[in-house]
Amino acid sequence: MPESHIPAEPVGPPDVRRVLVIGASGQLGRELARTLQAWPEPIQVLTASRSEPDADRRVALEHPETLERVIAAVRPAHVILAAAATNVTWCEEHPTGSHIINVVGTAAAARAANRIGANLAFLSTDYVFDGSTGPYPESAATRPINIYGAHKLAAEEAVLAENPGNLVVRTCQVFGDDPRRTNFVMRVIDSLRRGETVEAAGDLYGTPTYAPDLALVLANLVLAAASGVWHVAGPTFLSRYELAHMAAAAFGCDRESIVEVTADQMNDPVDRPRRAGLLGVRLEAAGSGRMTPLADALQALATGDARA
Ligand SMILES: NC(=O)c1ccc[n+]([C@@H]2O[C@H](COP(=O)([O-])OP(=O)(O)OC[C@H]3O[C@@H](n4cnc5c(N)ncnc54)[C@H](OP(=O)(O)O)[C@@H]3O)[C@@H](O)[C@H]2O)c1
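Reading the values: the criteria
Residues numbered from 1 in each chain as written. Predicted model: local features only at pLDDT ≥ 70, side-chain atom pairs only at ≥ 80, totals over all residues. Helix = DSSP H or I, 4+ residues; strand = E, 2+ residues; numbered from the N terminus. Rg over C-alpha atoms; globule rule 2.2 N^0.38 Å. Buried ≥ 20, exposed ≤ 12 C-beta atoms within 10 Å, placed from the backbone. Contact = placed C-beta atoms within 7 Å. Near = placed C-beta within 6 Å. Nonpolar A, V, L, I, M, F, W, Y, C, P; charged D, E, K, R; others polar. Core = buried A, V, L, I, M, F, W, Y, C linked by C-beta atoms within 7 Å. Arc of directions from axis to C-beta. pLDDT = per-residue confidence, 0-100.

(A) Focus on the overall build of the protein chain. Helices and strands together make up the secondary structure of the protein chain, namely ten helices and twelve strands. For the protein chain, whose C-alpha radius of gyration is 19 Å, the value lies close to the compact-globule estimate of 19 Å for 308 residues. Structurally, the protein chain occupies a C-alpha span of about 60 × 40 × 40 Å along its principal axes. Among the 308 residues that make up the protein chain, the fraction classed as buried is 50%. When contacts within the protein chain are restricted to residue pairs at least 6 apart in sequence, long-range pairs at least 24 apart make up 81% of them.

See below:
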């Protein structure tokens, strides 16, 4: 069903077939809106974002009234919050700004959704863990070691405290055909294509997640009104160095220019969990944990990129 405009006035009780995606200009929000708009059953998908030219659909997490206005006007049954301050280095260097956007803003979105009787789905991260024993199941104890992880965990808690029927989906190292090309895979490929040397940490492990897989699973969870914490991540646990190699192979780039370093050698102001990554234990138990094998996902991305 095509995207439609936000009604100027509230239109009665939340519509069970209406979904609002906040952060639709981002890598995941865009993919999610695309997935929902192609849904086989009739659902109405509305989008809002910070860079939206239409003022009625523009939101800023640091201005809660914008969230309240859009959510109250749309009256969806489900709000998916894919907007966040996602630059981990920026969060580390701007802890107050990160708190206002990622914790206070998220809590405001959950409150605004609850006020109209809608559920909120929130995107979180494997950075809520310390990286000593990953990949982590949903039952593992959290212990963030950087500001981004600490604030995403605080936001999770606020979302579930507001309404236990809300959904928290933790994911990891998302990659897809993001037009901004800021994900790790596309940054590696773009650097290799420019003939640059790429340094990739051999001791930073995760479970890279293909954006279309994540969007599909998330949409299914939302429409099934799933609640609580779910892990949704790719099936392969590997280092960034290994991922850079696999990506280069899929895109036909020269692998000689990829240099293995340690996280400590990277001059990174952020302490990152070394062995992070996620296990989708709840999805597996529900029989819906199938994710595209990593090599196939990278190949699909490379094929799409060559066509673009
Ligand atoms: N990407 C990953 O590897 C990864 C891993 C784990 C969890 N996550 C989580 O997944 C979610 C989506 O991530 P993503 O990869 O799609 O991120 P992204 O591509 O960086 O997109 C971020 C989105 O948030 C919006 N945004 C940023 N600051 C905002 C603010 N102050 N007010 C309102 N909107 C704001 C951006 O809007 P504009 O672009 O319009 O400014 C954009 O729509 C986030 O919650 C992130 O923490 C991502």
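Text resumes after the structure shown.
(B) Spotlight on the site of the ligand. Near the ligand lie 25 residues; those nearest to it are Gly26, Leu28, Ser51, Ala84 and Leu123. Breaking the shell around the ligand down by element, the ones donating at least two residues are α1 (27-37) and β4 (119-125). Looking at which element gives the most residues to the shell around the ligand, the answer is α1, with three residues. Here the shell around the ligand is composed, by residue class, of twelve nonpolar, eleven polar and two charged.

(C) Broad picture of the nonpolar core. Ranked by size, the top nonpolar core spans 101 residues in total, and within it Ile22, Leu81, Leu218 and Ala247 carry the most contacts. Take this core: its biggest share by element is nine residues, from helix α7 (residues 211-223). With near-sequence residues (within four places) excluded, Leu218 lies in contact with Leu32, Ala121, Val169 and Val232.

(D) Molecular detail of helix α2 (residues 64-74). The set of residues buried in α2 consists of Thr66, Leu67, Val70, Ile71, Ala73 and Val74. All buried residues of α2 lie within an arc of 165° about the axis, which places them on one face of the element. Two residues or fewer past α2, Arg75 is found with a positive phi of approximately 50°.

(E) How the structure looks around the environment of Gly97. Mapped onto the secondary structure, Gly97 falls in helix α4 (residues 95-115). Its 13 C-beta neighbours within 10 Å are what place Gly97 among the partly exposed residues. A C-alpha to C-alpha distance of 8.5 Å links Gly97 and Glu62, two positions 35 residues apart in sequence.

(F) Focus on α1. The buried fraction of α1 is high, at nine of eleven residues. Restricting attention to buried positions, one finds in α1 the residues Gln27, Leu28, Gly29, Arg30, Glu31, Leu32, Ala33, Thr35 and Leu36.

(G) Spatial organisation of the confidence of the model for the protein chain. Of the residues in the protein chain, 95% have a pLDDT of 70 or more, and the chain-wide mean is 94. In this model, residues 1-11 is a region of pLDDT below 50 whose contacts with residues beyond four sequence positions or in other chains number 23 contacts.

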